[in-house]
Amino acid sequence: MTVERDVCLVLDEFNAFKIFEGYLKKFDATYPRAVELIVGIMVNMASLSKAIATKLVENTSLITYMISSQLNQMNDVPSLIQVIRLLTVITRANEKIEDNEKDEQDLAALFVHKYFFDESSETNTDLNDLFHLMLDQFNFIFESSLNPQLLDYTCAFINSLLDLDGKILNAFAGNKKFVPAIHNAAITRMRLNRVQKSFTGAQFSQVNASKKNTTTQSRATNSTGNRKSSPDRTPHQPSSTTVYYVTQQSEEDISSLDSIFNKYFLCLQSLSTCELGAMSLCVQSSLIFELIGEYLDKCLATFNDWEIKSSRSLKSSICCESLQNFICLISVVNCIISNPDLKRTESESESHEKFDLNVEKCVEFGTNLFTLSKYYLHLLKGDDNNDDDDDDDENQ
């Protein structure tokens, strides 16, 4: 019901946030499903109206409780996902403003400075303990979670925070666990997607085998009147061996791959925009190259099989997220290789695994990156039947 704007306005009129706050503080550990639904209702209310979202931000006791207790201490994953969704909606409230709600108030900036900065400091520019607890929780989620939705929503919220304030960006960049956590989350997310597809394929193979076996038995029964059974196995029991078919990735697979990596590549690109983040990327260059290498291997396996010049299906599969990923990985690689003065200290070299920059790895990585660049340049080039002047402009 709360996807309807009128319902949300009625709930706001009866001060629903105060009612929800009392219930959450009393029963959050007793009824986790009710907590999930209540926080989901607040997400719908905040996403439909900036005025309601502003009231939610001004409710200091509720937001502080959500961050300090539910986000940092809750073990229920569905409820945790809803809490992160709520915080993401608040940080992106300025992007969805209706014509009758236009104002000059930056709700995202108000939220960040109200809850993540230490008001007791003289300059009010120091991040408080609540933010550092949240950062540690995000690292823990990236390092240990196997829930794809939780990983994706957490990364989306971090992307929103990185774009809001330079202090927050430097705090994430200065955390030594953050870049390895992003690497682990992206690799885990990709493997979870692959496991889900393999599991679905196994089910599909077993169902087909069962149908085929049942059809054969039915025909045998109709023709002879007696059910024929194989001496090797029981009738009605399909083969336990699952057959996997290795096929070329479809357009949906490529779009899914780009969607998975997009949030994590955006995080890395945001880190590359500050000096402290560039240092972190250089220190963790082995993990960065491994992550980009995984993405290149998945993309090029399909790109090389298609005829680029005549394949409309490939062009249609290249979406905005594909171009974003390409720009992000080029920016990150350029940040690493164009900063020779950023060297590892002895302590950092001992605490991080060194990247074996042998000739074969460098050639393979560089070749894959160049090949992907060539494909994108060709797809963006346009028609091949342009006149000489247009060709000169394109070459320039």
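Everything quoted here is computed from the prediction, not taken from an experiment.

(A) Structural context of the overall build of the protein chain. Along its length, the protein chain carries 19 helices and zero strands. Here the protein chain holds 396 residues, and 43% of them are scored as buried. When contacts within the protein chain are restricted to residue pairs at least 6 apart in sequence, long-range pairs at least 24 apart make up 76% of them. Summed over its atoms, the accessible surface of the protein chain is roughly 22200 Å², and 51% of this surface lies on carbon and sulfur atoms.

(B) The packing of aromatic side chains, seen in detail. Counted according to the given criterion, the structure contains 12 aromatic pairs. For the ring pair F111 and Y115, a centre distance of 5.5 Å and an interplane angle of 45° mean the geometry is tilted. You can see F111 and its partner Y115 sitting in helix α7 (residues 107-115), four residues apart, about one turn around the helix. Here F111 matches Y115 in class, with each residue buried. We classify F111 as buried; its relative accessible area is 0%.

(C) Molecular detail of the packing of helix α6 (residues 77-91) against α7. Running from N to C, α6 and α7 cross one another at 125°; their axes reach a closest spacing of 7 Å. Our classification of the angle between α6 and α7 gives oblique. Counting all contacts with α6, which are made through L87, I90 and T91, the residues of α7 involved are L107, A108 and F111.

(D) Summary view of the packing of helix α8 (residues 129-144) against helix α10 (residues 166-174). Relative to each other, α8 and α10 sit at 45°, their axes nearing to 11 Å. Here α10 runs oblique to α8, going by the angle between their axes. Crossing of α8 against α10: the hand is right-handed. Residues F131, L135 and F138 of α8 pack against I168, A171 and F172 of α10. Residue composition of the contact of α8 with α10, grouped by class: six nonpolar, no polar and no charged.

(E) Here's a closer look at unusual backbone geometry. Positive phi, normally seen in glycine, also occurs at N15, with a value near 55°. With respect to the element layout, N15 can be found in the loop between α1 (5-13) and α2 (16-27). The exposure class assigned to N15 is partly exposed, which follows from its relative accessible area of 41%.

(F) Looking closely at the side chain of R189. Considering the arrangement of structural elements, one finds R189 in helix α11 (residues 178-224). Classification of R189 by relative accessible area gives buried; the value is 12%. The residues touching R189, leaving out its near neighbours within four places in the chain, are P148, L151, D152, I260 and Y264.

(G) Structural view of the side chain of T188. By the element assignment, T188 lies in helix α11. Residue T188 is classed as buried on the basis of its relative accessible area of 15%.

(H) Expanded view of the pattern of salt bridges. Counted by the stated rule, this structure contains five salt bridges. With a shortest N-O distance of 2.9 Å, D12 and K55 are connected by a salt bridge. Taken together, the residues span a long stretch of sequence, with D12 in helix α1 and K55 in helix α4 (residues 50-58) at a distance of 43 residues. For D12, a relative accessible area of 17% corresponds to the buried category. For K25, the salt bridge is made with E21, and the minimal N-O distance between the two is 2.8 Å. Highlighted residues: K25 and E21, both in helix α2, separated by four residues, approximately one helical turn. For K25, a relative accessible area of 42% gives the class partly exposed.

(I) Representation of the environment of D126 in the model. One can find D126 in the loop between α7 and α8. Considered as a pair, D126 and H113 are 13 residues apart in the sequence and their alpha carbons are 9.9 Å apart.

(J) Main features of helix α5 (residues 60-73). Between its terminal C-alpha atoms α5 stretches 19 Å, which fits the 20 Å expected from 14 residues at 1.5 Å a residue. Remark: the principal bend of α5, roughly 30°, maps to M66. For α5, every residue scored as buried is listed here: L62, I63, Y65, M66, I67, S69, Q70, L71 and N72. The secondary structure elements touched by the buried residues of α5 are α2, α3 (32-48), α4, α6, α7 and α8.

(K) Region of interest: α6. The first and last C-alpha atoms of α6 sit 21 Å apart over 15 residues, in line with the 21 Å expected at 1.5 Å per residue. For α6, a buried count of 12 out of 15 residues is recorded, marking the element as mostly surrounded by other parts of the structure. Among all positions of α6, only S79, L80, I81, Q82, V83, I84, L86, L87, T88, V89, I90 and T91 are buried. Contacts made by the buried residues of α6 are with α3, α4, α5, α7, α8 and α9 (148-162).

Thresholds, definitions, all that
Every residue gets a number counted from 1 within its own chain, in the order that chain's sequence is written. pLDDT decides what is reported in this predicted model: residues at 70 or higher carry local features, side-chain atom pairs at 80 or more are listed and counted, and totals for whole chains, interfaces and linings draw on all residues regardless. Only hydrogens and water are set aside when side-chain values are computed; all heavy atoms of the structure are taken into account. Secondary structure is summarised from DSSP: a helix means a run of H or I of at least four residues, a strand means a run of E of at least two, and numbering begins at the N terminus for each. Exposure classes here rest on a 1.4 Å probe applied to the protein chains alone. A residue is buried below 20% of its type maximum, exposed above 50%, and partly exposed in between. By the convention used here, residues are in contact when the closest approach between their heavy atoms is within 4.5 Å. Here the open area of atoms and residues is found with the Shrake-Rupley method and a 1.4 Å probe, where only the protein chains shown may cover a residue. Pairing of aromatic rings covers Phe, Tyr and the six-membered ring of Trp, with a centre-to-centre limit of 6.5 Å; geometry is then stacked below 30 degrees between planes, edge-to-face above 60, and tilted otherwise. With axes taken as lines fitted to C-alpha atoms, and helix axes fitted only over the stretch in contact, angles between N-to-C directions fall between 0 and 180 degrees. By the definition adopted for this analysis, an angle is roughly parallel if under 35 degrees, roughly antiparallel if over 145, roughly perpendicular if from 65 to 115, and oblique otherwise. Note on convention: near helix rotated counterclockwise from far helix by under a right angle means a left-handed crossing. Clockwise means right-handed. For this classification, the nonpolar set comprises Ala, Val, Leu, Ile, Met, Phe, Trp, Tyr, Cys and Pro, the charged set comprises Asp, Glu, Lys and Arg, and every other residue, Gly included, is treated as polar. We count a salt bridge whenever a side-chain nitrogen from Lys or Arg sits within 4 Å of a carboxyl oxygen from Asp or Glu. To estimate the expected span of a helix, count its residues, drop one, and scale the result by 1.5 Å. Axes are fitted to the seven residues ending at a residue and to the seven starting at it; the angle between these axes is taken as the bend at that residue.

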